[in-house]
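# Reading the structure
Residue strings, one per chain:
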Amino acid sequence: MFKLEQYTEKNNRFVRLKNERVACWLTICLTQGGMVTELGVNGEELLYLNKETLFDEKKPIRGGIPVLFPSSGKLNDNAYTWNERQYQMPLHGFARDHSWNVVSTNLEEEVGSITLSLESTEEMLQLYPFDFKLLFTYNIANDGLTITQSYQNNTNEPMPIYPGFHPYFQTENEWITINTKAPTYLDLKDNQENEFSGSIKKQDLEPSVIFTNKQAGTVSIQVKEQLVMMAYGSEFKYTVFWTEKGENYVCMEPWMALPNALNEKKGLVCVDANSRLDTFVSFKVS
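Residues numbered from 1 in each chain as written. Predicted model: local features only at pLDDT ≥ 70, side-chain atom pairs only at ≥ 80, totals over all residues. Heavy atoms only, no water.

### As for the overall build of the protein
Using the following cut-off: Comment: elements are numbered from the N terminus, with helices defined as DSSP H or I runs of at least four residues and strands as E runs of at least two. Using a 1.4 Å probe on the protein chains alone, a residue whose accessible area is under 20% of its type maximum counts as buried, one over 50% counts as exposed, and one in between counts as partly exposed. Whether two residues are in contact is decided by their heavy atoms: any pair within 4.5 Å suffices. In this count, Lys and Arg are taken as positive residues and Asp and Glu as negative ones, while His and the chain termini are left out. Think of each charge as sitting on NZ of Lys, CZ of Arg, CG of Asp or CD of Glu.
Counting its secondary structure elements, the protein contains 3 helices and 26 strands. The principal-axis extent of the C-alpha atoms belonging to the protein is close to 55 × 45 × 40 Å. Each of the 286 residues in the protein was classed as buried or not, and the buried ones make up 52%. Considering only contacts in the protein between residues 6 or more positions apart, those separated by 24 or more positions represent 60%. When the 26 basic and 37 acidic side-chain charges of the protein are each reduced to a single mean position, those positions are 1 Å apart.

Structure representation (structure tokens):
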């Protein structure tokens, strides 16, 4: 049976779902953008987390599964123009900079779930002129995590988004084996398209490489002794792989569009006026 625990550490609020019988757990930091900080499956922690960065406002957080919204990646000059007005936008959007609220929980024998929400505020509207509400449900079971997402547009015009997630998976491997149907990848070191042979040296994932996803497909990597398979809704058209020199992690990130899409107006996903978009991402082990 799953159990729910809520606690505070260094002024940050956390919730944890844990099932000792099947040895799986999920921890989320509500005050740090509703990000997953721990994900345990089959008694093994899958995620990398530098806790020092989690509690230091002067450092970018390294680890967990940060939420990227309304944009993924970096905009040119950290700015974009929409309807002839210029707006500022931080790297990977602003959702990860705000507290999320718990809407509901469901604790069953085999599955535990928690639903979180984030709603637009006056501060957010200065960066992004759309009234929105996000509802994310995190479902944890003994085979992994599924995140179902609802992006609600409460304005009278289409709302452009290209959100994503930024999972940090533990690995000490120097070569990263990637199972994907994509025959090539885009290397952001030189913006060149390269043929893919099935694996890539971890040091070559800086600044990042991008694969184009096949619709209704999967992408997977080896983490410790387990294969982590990522499945995604058709809106997630890309998978970004990234790491930092000397670190024991690799990021496998589902994105809806390429960096700078708000400026280039290419590949944006638009949620219809007064409507919503529902989709999902899952990370399962085998």
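Read on, since the account is not over.
### A short note on unusual backbone geometry
The omega torsion of the bond from Phe 69 to Pro 70 falls at 0°, within 30 degrees of zero and hence cis. Relative to the helices and strands, Pro 70 resides in the loop between strand 6 (67-68) and strand 7 (79-82). Cis rather than trans, the peptide bond between Glu 206 and Pro 207 has omega equal to -5°. Position of Pro 207 among the secondary structure elements: in the loop between strand 19 (199-201) and strand 20 (209-212). One non-glycine residue, Ala 23, lies in positive phi territory at about 55°. Of note in this structure, Asn 260 is not a glycine but carries a positive phi near 70°. Within the secondary structure layout, Asn 260 lies in the loop between strand 24 (249-255) and helix 3 (261-264).

### Some details on the side chain of Thr 27
Applicable threshold: Any N or O atom pair separated by 3.5 Å or less is treated as a polar contact, with the protein-specific requirement of one donor-capable and one acceptor-capable atom, and with residues adjacent in sequence counted only for side-chain atom pairs.
Considering the arrangement of structural elements, one finds Thr 27 in strand 3 (residues 24-29). The buried category is assigned to Thr 27, whose relative accessible area is 0%. Within the structure, the side chain of Thr 27 is placed 2.9 Å from the side chain of Arg 16, a separation counted as a polar contact. Only 2.6 Å separates the side chain of Thr 27 from the side chain of Glu 38, close enough to count as a polar contact.

### Some points on the sheet that holds strand 19
In plain terms, the rule: Only when DSSP finds a minimum of two bridges between them are two strands counted as paired. Axis definition: a line fit to C-alpha positions, over the contact stretch in the case of helices; interaxial angles, taken between N-to-C directions, run 0 to 180 degrees.
The antiparallel open sheet is built from 9 strands, whose spatial order is 9-10-11-12-26-22-21-16-19. The sheet terminates laterally at strand 9 (101-107) and strand 19, the two strands that pair on one side only. Direction aside, the axes of adjacent strands within the sheet are offset by 20° on average. Relative to strand 12 (residues 144-153), strand 11 (residues 132-141) runs antiparallel, the two being bridged by 10 bridges. By the bridge assignment, Tyr 138 is partnered in strand 12 with Ile 147.

### Describing the packing of aromatic side chains
The following threshold applies: Ring geometry is summarised as follows: Phe, Tyr and Trp rings, the Trp one being its six-membered ring, pair when their centres sit within 6.5 Å, and such pairs are stacked at plane angles under 30 degrees, edge-to-face over 60 and tilted between the two.
Applying the stated rule across the entire model yields 25 aromatic pairs. On the numbers, 5.0 Å between centres and 55° between planes, the contact of Tyr 128 with Phe 130 is tilted. As far as the burial class goes, Tyr 128 and Phe 130 line up, both buried. Aromatic ring contacts, followed pair by pair, group Phe 69, Trp 82, Phe 94, Trp 100, Tyr 128, Phe 130, Phe 132, Phe 136, Tyr 151 and Phe 165 into a single cluster.

### Some thoughts on the environment of Met 229
With respect to the helices and strands, the residue Met 229 is situated in strand 22 (residues 226-232). Taking C-alpha positions, Met 229 is 36 Å from Thr 155, a pair spaced 74 residues apart along the chain. Setting aside its immediate chain neighbours within four residues, Met 229 contacts Thr 218, Val 219, Ser 220, Ser 282, Phe 283 and Lys 284.

### Things to note about the pairing of strand 26 (residues 275-285)
For a regular strand, side chains alternate in direction, first toward one face of the sheet and then toward the other. Where strand 12 lies against strand 26, 10 bridges are found, and the strand directions are antiparallel. Note that in strand 26 the partner of Ile 147 across the bridge is Val 281. Relative to strand 26, strand 22 is paired through 5 bridges, and the arrangement is antiparallel. Within strand 26, the residue paired with Met 230 across the bridge is Phe 283.

These figures come from the coordinates and say nothing about function on their own.
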